[in-house]
Amino acid sequence: MSASSVDEQLLQRALELARAGIGLASPNPYVGAVIADVDGNIVGTGTYTYSGIRHAEVLALEAAGNKARGGTLYINLEPHAHQGRTPPCTDALIAAGIRRVVASMPDPNPKVSGLGFEKLRAAGVHVEVGQLKDEARRLNEGFARYIRHGTPLVTLKAAMTLDGKIAPPPSEALKADAGIPTGGWITSEIARAHVQELRHQNDALLVGAGTILSDNPLLTDRSGRVRRRPLLRVILDSRLRVPLDSRLVKSVAEGRTNDVLIFYASADEQKRAKLEELGVRVEKLPAVEADGRPDLQAIFRRLGTLEITSVMIEGGATVNWAALAANAVDKVFLFYAPKILAGTGSIPFAAGAGFHHLNQAAQVKHLQLHRFGEDFAVEGYLRAPYGE
Ligand SMILES: NC(=O)c1ccc[n+]([C@@H]2O[C@H](COP(=O)([O-])OP(=O)(O)OC[C@H]3O[C@@H](n4cnc5c(N)ncnc54)[C@H](OP(=O)(O)O)[C@@H]3O)[C@@H](O)[C@H]2O)c1
């Protein structure tokens, strides 16, 4: 095997180790490290987790012991050269006698970017940067947005029919259909299982009061994977209409999970107190004059202060449009099932004024297509998470 394909293989392994930190590293980045000895044998590995405190490269050094001397570090992100919660990793690498560092990308934090590589080079370590850059950048896109702007990466996710409907007409519009069974899902089980993976990758979910009232969802991470902090369930509900007996509120009251946060603009004091009594976090934000609803940009800034690095919006139609109109969406993950609902009464992906002209339409870039059995999904970006 050529030297460069060995490098790629070991860097790929470092990325896999970094991915093992999903749900465990936020609000810090996902980092995985592999140390190979002079003969190219793996002698140490590490995955960064927030609770574990020690960085991936330090864990790998500890595992490698003396075998690290003269060896190579493979890592998806630049080792840090500053004193943070831990001492500089660059010092530990230099002291352990690492001769070469193969890294995918610099630290996205502009305050420290490049400093780690500089320090290593100054100590005579051979540093190569850029292999598997695209994969590495994608993995830490939430961290990049958060560390550069103080706000989370916002993904707009929806499940729809081929003709762009996210739900049939509301039940009150269907009185004539009494007796016809309702319910069911738009997408298949396999697509819905992937939604759980997406929830696991995010720090928070966000939906509107309309979705709580119509679907009574639980909005939890049911991926079965461990996470350090519970998925924060964020509800936009200007007047606190969310029912006290909804599954969402009951789940907080029963579990004392402290993971539901409602943003409102003006509400009955008694309802607010009752929700708080049940363990729901309720925060008042200034309303936008036009519609009396909390300002979405203010909401994302507030979530940033809570160290939320990524948020997935899960509808419904009004919130989807509000997020697009506020230019708050970084990326979309849109699932399509091979079904057609048709009709003007069924619920469109994004309801509201919409963009009036084709040249104003939100442009989705860097598209990726995913298959989930009979369903498919389109993933793409409205804004570059790294801000270039
Ligand atoms: N297939 C899917 O992916 C999917 C996912 C979710 C929902 N759905 C469907 O979508 C439908 C619900 O959609 P919806 O449009 O009625 O409800 P929605 O978008 O979930 O909620 C809209 C409500 O959120 C409140 N809100 C508070 N702050 C807001 C803000 N800044 N911007 C926008 N809204 C804000 C408003 O009520 P107040 O003015 O009272 O605050 C608004 O009426 C249901 O049929 C549901 O099944 C489908």
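Heads up: the structure comes first, above all this text.
Draft legend 1. Looking closely at the site of the ligand. Neighbouring the ligand are 26 residues; Ala-159, Thr-211, Ser-238, Arg-239 and Thr-318 lie closest to it. Within the backbone of Gly-208, one N or O atom sits 3.4 Å away from an oxygen atom of the ligand. Side-chain polar atom of Arg-239 to an oxygen atom of the ligand: 2.7 Å apart, as the coordinates give it. Elements with a minimum of two residues in the shell around the ligand: β6 (153–161), β7 (165–167), α8 (209–215) and α12 (317–325). If you tally residues by element for the shell around the ligand, the top one is α8, at five residues. Counted by class, the shell around the ligand contains twelve nonpolar, eight polar and six charged residues.

Draft legend 2. A look at the environment of Asp-330. For Asp-330, the position within the fold is in the loop between α12 and β13 (331–337). Separated by 53 residues in the primary sequence, Asp-330 and Arg-383 have C-alpha atoms spaced 4.9 Å apart. Setting aside its immediate chain neighbours within four residues, Asp-330 contacts Arg-145, Pro-152, Leu-153, Val-154, Gly-380, Tyr-381, Leu-382 and Arg-383. At 3.1 Å, the side chain of Asp-330 and the side chain of Arg-145 are in polar contact.

Draft legend 3. Seen up close, the sheet that holds β13. Read across the open sheet, the nine strands follow the order β11-β10-β9-β8-β12-β6-β13-β16-β15; overall the sheet is mixed. Two strands bound the open sheet, and with one partner strand each, they are β11 (281–284) and β15 (365–372). Taken over all neighbouring pairs, the strand axes of this sheet differ in orientation by 20 degrees on average, direction set aside. Both β6 and strand β12 (residues 310–313) contribute to a ladder of four bridges, which runs parallel. Among the inter-strand pairings, Val-154 is bridged to a residue of β12, identified as Val-311. Helix α7 (residues 189–201) contacts β6, β8 (204–208), β12, β13, β15 and β16 (375–381) of the sheet and is inclined by roughly 165 degrees relative to β13.

Draft legend 4. Expanded view of unusual backbone geometry. Each neighbour pair has its own omega, and for Ser-26 with Pro-27 the value is 10 degrees, a cis peptide bond. Relative to the elements of secondary structure, Pro-27 occurs in the loop between α1 (3–19) and β1 (32–36). Going from Gly-315 to Gly-316, the amide bond is cis rather than trans, its omega being 0 degrees. Counting through the fold element by element, Gly-316 comes out in the loop between β12 and α12. Unlike most non-glycine residues, Leu-240 shows phi in positive territory, near 50 degrees. Tracing the chain through its elements places Leu-240 in the loop between β9 (232–236) and α9 (247–255).

Draft legend 5. The environment of Ala-63, seen in detail. Residue placement: Ala-63 occurs in helix α2 (residues 56–64). For Ala-63, a relative accessible area of 51% corresponds to the exposed category. With near-sequence residues (within four places) excluded, Ala-63 lies in contact with Val-43, Gly-44 and Thr-45.

Draft legend 6. Local environment of α7. Helix length check: α7 (13 residues) gives 19 Å between terminal C-alpha atoms against 18 Å at 1.5 Å per residue, within 8%. Restricting attention to buried positions, one finds in α7 the residues Ala-191, Val-195, Gln-196, Leu-198, Arg-199 and His-200.

About the thresholds
Residues numbered from 1 in each chain as written. Predicted model: local features only at pLDDT ≥ 70, side-chain atom pairs only at ≥ 80, totals over all residues. Heavy atoms only, no water. Near = heavy atom within 4 Å. Polar contact = N/O pair within 3.5 Å; in protein donor to acceptor, adjacent residues only side chain to side chain. Helix = DSSP H or I, 4+ residues; strand = E, 2+ residues; numbered from the N terminus. Nonpolar A, V, L, I, M, F, W, Y, C, P; charged D, E, K, R; others polar. Contact = heavy atoms within 4.5 Å. Pairing = 2+ DSSP bridges. Axes fitted to C-alpha atoms, helices over the stretch in contact; angles between N-to-C directions. Buried < 20%, exposed > 50% of the residue type's maximum accessible area, 1.4 Å probe, protein only. Expected span 1.5 Å × (residues − 1).

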